[in-house]
Amino acid sequence: MWRLRRAAVACEVCQSLVKHSSGMKGSLPLQKLHLVSRSIYHLHHPALKLQRPQLRTSFQQFSSLTNLPLCKLKLSPIKYGYQPRRYFWPARLAARLLKLRYLILGSAVGGGYTAKKTFDQWKDMIPDLSDYKWIVPDIVWEIDEYIDFEKITKALPNSEDLAKLVPDFDKIIESLSLLKDVFTTGSPGETAFRATDHGSESDKHYRKVSDKEKIDQLQEELLHTQLKYQRILERLEKENKELRKLVLQKDDKGIHHRKLKKSLIDMYSEVLDVLSDYDASYNTQDHLPRVVVVGDQSAGKTSVLEMIAQARIFPRGSGEMMTRSPVKVTLSEGPHHVALFKDSSREFDLTKEEDLAALRHEIELRMRKNVKEGCTVSPETISLNVKGPGLQRMVLVDLPGVISTVTSGMAPDTKETIFSISKAYMQNPNAIILCIQDGSVDAERSIVTDLVSQMDPHGRRTIFVLTKVDLAEKNVTSPSRIQQIIEGKLFPMKALGYFAVVTGKGNSSESIEAIREYEEEFFQNSKLLKTSMLKAHQVTTRNLSLAVSDCFWKMVRESVEQQADSFKATRFNLETEWKNNYPRLRELDRNELFEKAKNEILDEVISLSQVTPKHWEEILQQSLWERVSTHVIENIYLPAAQTMNSGTFNTTVDIKLKQWTDKQLPNKAVEVAWETLQEEFSRFMTEPKGKEHDDIFDKLKEAVKEESIKRHKWNDFAEDSLRVIQHNALEDRSISDKQQWDAAIYFMEEALQARLQDTENAIENMIGPDWKKRWLYWKNRTQEQCVHNETKNELEKMLKCNEEHPAYLASDEITTVRKNLESRGVAVDPGLIKDTWHQVYRRHFLKTALNHCNLCRRGFYYYQRHFVDSELECNDVVLFWRIQRMLAITANTLRQQLTNTEVRRLEKNVKEVLEDFAEDSEKKVKLLTGKRVQLAEDLKKVREIQEKLDAFIEALHQEK
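All values reported here derive from a predicted model rather than from experimental measurement.

Rules used throughout
- Residues numbered from 1 in each chain as written.
- Predicted model: local features only at pLDDT ≥ 70, side-chain atom pairs only at ≥ 80, totals over all residues.
- Heavy atoms only, no water.
- Helix = DSSP H or I, 4+ residues; strand = E, 2+ residues; numbered from the N terminus.
- Buried < 20%, exposed > 50% of the residue type's maximum accessible area, 1.4 Å probe, protein only.
- Contact = heavy atoms within 4.5 Å.
- Areas by Shrake-Rupley, 256 points an atom, 1.4 Å probe, with all protein chains shown as cover.
- Patch = residues over 30% accessible without salt bridge, like charges linked within 9 Å, V, L, I, M, F, W, Y side chains within 5 Å.
- Salt bridge = Lys/Arg side-chain N within 4 Å of Asp/Glu carboxyl O.
- Lys, Arg positive; Asp, Glu negative; His and termini not counted.
- Charge placed at Lys NZ, Arg CZ, Asp CG, Glu CD.
- Pairing = 2+ DSSP bridges.
- Axes fitted to C-alpha atoms, helices over the stretch in contact; angles between N-to-C directions.
- Expected span 1.5 Å × (residues − 1).
- Bend = angle between axes of the 7 residues up to and from the residue.
- Disulfide = S-S within 2.5 Å.
- Left-handed = near helix turned anticlockwise from the far one by under 90°.
- Nonpolar A, V, L, I, M, F, W, Y, C, P; charged D, E, K, R; others polar.
- pLDDT = per-residue confidence, 0-100.
- Parallel < 35°, antiparallel > 145°, perpendicular 65-115°, else oblique.
- Phe/Tyr/Trp six-rings, centres within 6.5 Å; stacked < 30°, edge-to-face > 60°.
- Core = buried A, V, L, I, M, F, W, Y, C linked by side-chain atoms within 4.5 Å.

### Examining the overall build of the protein
If you tally the helices and strands in the protein, you get 34 helices and nine strands. For the protein, the residues scored as buried account for 42% of the 960 residues in total. Taking as baseline every contact in the protein between residues at least 6 positions apart, the subset at least 24 positions apart corresponds to 81%. Of the roughly 54,700 Å² of accessible surface on the protein, 52% is carried by carbon and sulfur atoms.

Here it is, written out as C-alpha cells:
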C-alpha cells in the first residue's frame, strides 16, 4: 500500500511540474528567446502556439543588429523546497544515460539547423559580384558540364526528412522531470505543496523581483551581444569595401581589357538629366523616382546627405540659407571617392581637403549663378555625381530649406518660391520623400511636416528622419516624446519608416569618420535604445542609407517600364504631328538649326572679301560726298565765291580746307567707311536667297549683325593716316589734262544742280503751289505762303536791277522792300524778308554758277596759262577738282583698310558672337522660335529619353 501511495504522490508532483514548466512563470517572454530556444521550451505546449515571425519590411532587414543570431540563454533551475536524496543508483544511471543520448542527438540536430541558418545569413551579407564574373576563369563557370549537380541535389535529404529526425523535446523534458521527482528523496507532501500556485506572499515577491532582474540582465546581455556582432559586421564590410576597391582599381589600370558597362545608377541619372531640361509642352510628365530631401531650414538635411555620400561636399553657413537651388546628387560605386559635375570633366578627390573646399566653393558659385537678379532661390538644378567604394546607389535631390519668415536681404517671394519648388518635386507620385526633422527643437515648430502630409497623406512614399537625437535626449524632459515622434504619433503625417540619426557635434570641421564613430558610441550608450524606445534598425545613417536605397530601387523597378511606355506614346504623337505639318523638312532641333544658321552667316561674312575694289571705292566715294557736300558748298564754296578777286578766293578756300582737314574730314571719312561696311554686311545677311531662304533664321542673323557691329571698333590709327593723305590731296592744284578738267566741271555741275534743285523745292514750299498746280490739282496757297510769294517777287525785282548784288541785304534795302509791300497791303516783318532773300539769292547764285561752268568748259587753255590776259577765271572749277581728287584718294585708302583689316576683324567678331550665342541657351531660345522649332526640340528629347529608358530597362533585367 505504501508503494501505491508513493506512486500517486509522484504522479501528482510530475503533473504540477509539467503544468508550471519547471518554475518558469513570469520569466523571459517568448519573443525574447532565440528561435531554437523557443522550439525547445514551447514547441508542443498546450497553452502557447509558436507564431510564425512576421515578414520584415524593407527597413528592418537592413539593420545589422536585428539580423544577428541571439546567444543561447542559460536559465538556472529553481528549486522548490528541500528534497531528501535517495540512493537508487540503477534508476539514476538509466536517467543519466537517457539524458546524455537525447542531449547528443538534440545538439547535433540543433547545431546543424543553427549552422545552416548562420550560413544563410552570411550568404545574404555577401555583396553581389555578378558584374565581376569575368575575373573568375571560364573553367569555373563551365564546371557544370563535368559534374551533375542535379543528381547530387536529388540524392541529398530534403527539409521534411531532416525535420523527422528532430525529437519531441517537450516529451523529453516531461520524462526527465518525472524521473527526477521519482528518484530523489524528500517529503512528497512538501514537494507538492511547493509546486502549487498557493505559495506564501514572501515567496511570490522574491520570485517577482528575481524575474525582473533576470529580464534586465538578459536585455543587457542581448544588447552587448548585438553590438559585438555589429562591430564584427562593420569590420567585415570594411574589408569587403577594400577588396571591391582593389578589384575596381585593377580594372581601371587596364589589367583586364574587358570594358565594364556603364552602371545602372549612371544610366538612370542620365535619364533624369535629360528630363530636367525637357519642356513638357505635350503634357508628358516626369514620374520617374527620385529621393527628394526636404526639411526646415537648418534641420540637418545637408548633414544627412553628407553622411550618406561619406564626404563634406556642401557649403555650410551658420544660420544662413546655403542651399539656394536644387542639387541632384547621384551616388554610385567606384574605386575612388570622387565627385564631378554633369557639364564638367574635372574630378574632385573627396579624400583631399583642398579638393573638398574647391568643390564646396564651386557648388556655391553655381547656386549664385542660377539665382536671377532680385531673387533668393532658383528652380534650376545642379547635377553632381559622387562615386566611391561602398556607396549605396541612388539619386537624391537636396531642396532649399522651408522657411516660415522672410528675413532682411531675401526677396519678398522667397517663402512662396521654396514651397513651389518643393511641391513640384514632391507631386511626383513615384518620388520618395525623405523628410528631415530637427529633434533638438519642439515638434510644434516644424513647417515641413504639414507640407509633406499634403503631398503624401497616406505615407506610402515618405521616410521620416529625426536628426540631432543626441541633443534631443539631452534636452527633452520626457524621453517618451522622442518615441512618439519616431513612431509617428506626434505629427499628423504618416511615413513608410522612421529613423533617428546623429550627424555630429555641430562642428563643421568634423570628418565623416569622426561623426560616424560618435554616432555609434552615442547609440551604444543611449537609453532610448536600451529601453527599447528605439529599435536597432531605426538608428544610424548607415541603416537609413540602406533602407532608402532599397526603397528607391523598389520604386524604380515598379514604375520605370510604365514611364517608358508613356514616352513611347508621346513620341508617336509628336512624329505624327511633324509628318502632317512639315512633311519635306528634316527634324532639326534648336542646336542643329543654330549650327546651320552659323554656317550661313560665316559664308555671308566671307563673301564680303569677294566684293570688287571698284565697287568699294564707288560706294565709299559717293557716301563720303553725300556726307560732306553740304559743308563744301555752304561753308567753303559760297563764302569764297562772294569775294571780288581770285586771290582772295584761293586764300579763303585754302584756309577753310586746312581747318576742315585738321578737325572734321578724317573722322567723317572713317564714319562713312564703317557705315558702308555695315550696309554691305547687312545686305549680305538680309537679302533673300531664293527658294533656299529660311525665314526662321532672320531674327538670329539680325541679332548677330547688331552685336558684331556693336563690338567692332575701327582702327585708331586710320584717322591719322587719312589726315595726311587728305591734306596732301587738297593742296594739289595741278590739273594735268583736259579730261580731268571736264570731269571737274561735270562734278561741279552735278553738285550745283543738286543744290539748285533743293533750293527750288524750298522756295516752292515757302510760296506754295504755282498757278499750274492750283488749276490742275485744285490747291490753294495759305496766307503765309501768299506773303512769302509777294516778298519773293519784290526781291527778284531788286536782283534784276543789280545782278551782282552781294549775299546780304542792307538795312535800308530791307526797309524799302517792307514799305513797298505795305503799299500793296502786305504786312511783313524784317525776319521774313531775310529768310526769303536767303533762298532767292541762293537760287540766283547757283544759276549764275552753272552758267559760269558752261563758260569754263573752254577755259582749260587759259588755266594752263594761269589765266594771264584773260577775263575768264575758273578757280571754282579748280576747287571742285581738288575736292574730287581728295574723295577718290580717300575712298581708295578706306577700301584698302576695309579689305586688308576691317573685314577680317568683323569676321572675327562675328565668330565670337556666334560662339557666345552657342553657349547661351536662353539667347538661342529667344532667337530661334516657332512651332517648328519647338516640335523638333520636343521630338528629339522624347526620343533621347525613350532610348535611354530602354537601355536602362534592358540593363535592369540583365542585372536580375
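Moving on, there is more to tell.
### Remarks on a negative patch on the surface
A surface patch of negative charge is lined by E380, E912, E915, E919, D920 and E922. Per-element tally for the negative patch: the top contributor is helix 32 (residues 875-919), with three residues. Along the polypeptide, D920 turns up in the loop between helix 32 and helix 33 (921-927). Looking at D920, the relative accessible area reads 30%, which means it is partly exposed.

### Notes on the side chain of D266
Along the chain, D266 falls in helix 10 (residues 264-276). When its relative accessible area of 15% is taken as the criterion, D266 is described as buried. Those residues in contact with D266 that sit more than four places away from it in its chain are T330, S332 and K387.

### Examining the pattern of salt bridges
Once the charged atoms of two side chains with opposite charge are near each other, the side chains can pair. Per the counting criterion, the structure on display carries 41 salt bridges. Put simply, R824 and E790 hold a salt bridge, and the shortest N to O gap is 3.6 Å. Within this pair, whereas R824 is found in the loop between helix 29 (811-823) and helix 30 (830-856), its partner E790 is found in helix 28 (residues 783-801), the two being separated by 34 residues in sequence. If you follow the salt bridges from partner to partner, you end up with R571, E575, E587 and R943 in one network.

### Considerations on the sheet that holds strand 3 (residues 338-341)
Backbone hydrogen bonds hold the strands of a sheet together, and the pairing may be parallel or antiparallel. Pairing in this open sheet of nine strands is mixed, and the strands run 4-3-5-2-6-1-7-8-9 from one edge to the other. Looking along the sheet, the strands with just one partner apiece sit at the ends: strand 4 (348-349) and strand 9 (497-500). Both strand 1 (residues 291-295) and strand 6 (residues 394-398) contribute to a ladder of three bridges, which runs parallel. Bridge pairing links V293 to D398 in strand 6. Across the sheet, helix 11 (residues 301-309) lies against strand 1, strand 2 (327-332), strand 5 (382-387), strand 6, strand 7 (432-438) and strand 8 (462-467), angled at about 160 degrees from strand 6, the strand it touches most. Sitting on the sheet, helix 12 (residues 353-370) is in contact with strand 2, strand 3, strand 4 and strand 5, with an inclination near 160 degrees to strand 5.

### Looking at helix 32
Across its 45 residues, helix 32 extends 62 Å between first and last C-alpha, which sits within 8% of the 66 Å expected from 1.5 Å per residue. Bending of helix 32 peaks at approximately 45 degrees at the position of L898.

### Notes on the state of the cysteines
A complete count under the given rule lists one disulfide for this structure. Sulfur-sulfur distance for the disulfide between C856 and C874 comes to 2.1 Å. Disulfide C856 to C874: torsion about the S-S bond roughly -100 degrees, handedness left-handed. Of this pair, C856 sits in helix 30 while C874 sits in the loop between helix 31 (860-864) and helix 32, and the two are 18 residues apart along the sequence. Here C856 and C874 have matching classes, each one buried.

### Details of the packing of helix 23 (residues 665-686) against helix 25 (residues 718-731)
Following both chains from N to C, one finds helix 23 and helix 25 inclined at 115 degrees, their axes separated by 9 Å at the closest point. Considering the relative orientation of helix 23 and helix 25, their crossing is right-handed. Listed contacts from helix 25 to L665, P666, N667, A669 and V670 of helix 23 are A718, E719, L722, R723, Q726 and L730. For the contact of helix 23 with helix 25, a count of residues per class yields seven nonpolar, two polar and two charged.

### Let's talk about the confidence of the model for the protein
Do not read the fine detail of predicted coordinates wherever pLDDT is low. Mean pLDDT over the protein stands at 76; residues scoring 70 or higher make up 70%. Contacts for the low-pLDDT stretch residues 1-87, under 50 throughout, to residues beyond four places or in other chains number 126 contacts.

### Focus on the packing of helix 25 against helix 32
In helix packing, the relevant descriptors are the interaxial angle and the interaxial distance, both defined with respect to the helix axes. At a closest axis distance of 9 Å, the pairing of helix 25 and helix 32 adopts a crossing angle of 155 degrees. Here helix 25 is positioned roughly antiparallel relative to helix 32, judged by the angle of their axes. As helix 25 packs across helix 32, the resulting crossing turns out to be right-handed. Across the interface between the two elements, A718, S721, L722, I725, Q726, A729, L730 and E731 of helix 25 pack against R882, I883, R885, M886, I889, T890, T893, L894 and Q897 of helix 32. Here the residues of the contact of helix 25 with helix 32 are counted per class, giving nine nonpolar, five polar and three charged.

### Section: the packing of aromatic side chains
Here a ring pair, both rings aromatic, is described through the centre-centre distance and the interplanar angle of the planes. For the coordinates displayed, the defined rule picks out 16 aromatic pairs. For the pair Y637 and F845, a centre-to-centre distance of 5.7 Å together with 50 degrees between the ring planes defines the contact as tilted. Of this pair, Y637 sits in helix 21 (residues 613-641) while F845 sits in helix 30; the two residues are 208 residues apart in sequence, bridging distant segments of the chain. Since its relative accessible area comes to 3%, Y637 is described here as buried.

### Comments concerning the pairing of strand 9
Of the two faces of strand 9, the one carrying G497 and F499 and the one carrying Y498 and A500 are both buried. Bridge analysis of strand 8 against strand 9 gives four bridges, and the strand direction is parallel. Bridging across to strand 9, I463 finds its partner in G497.

### Looking at the nonpolar core
Counting 101 residues, the largest nonpolar core has Y637, W660, L677, W741, L752, I883 and V910 as its most contacted members. Element by element, the count of residues in this core is highest for helix 32, at 17 residues. Membership of the second largest hydrophobic core comes to 68 residues, among which are L331, F348, L434 and F567.

### Side note on unusual backbone geometry
Of note in the backbone geometry, S298 takes a positive phi value of approximately 65 degrees without being a glycine. We classify S298 as partly exposed; its relative accessible area is 47%. Residue K468 is not a glycine yet carries a positive backbone phi of 55 degrees. Mapped onto the elements, K468 comes out in the loop between strand 8 and helix 15 (469-475).

### Regarding the environment of E220
Topologically, E220 is positioned in helix 9 (residues 201-252). The class of E220 is partly exposed, set by a relative accessible area of 33%. Between the C-alpha atom of E220 and that of K530, which follows or precedes it by 310 residues, the distance is 7.7 Å.

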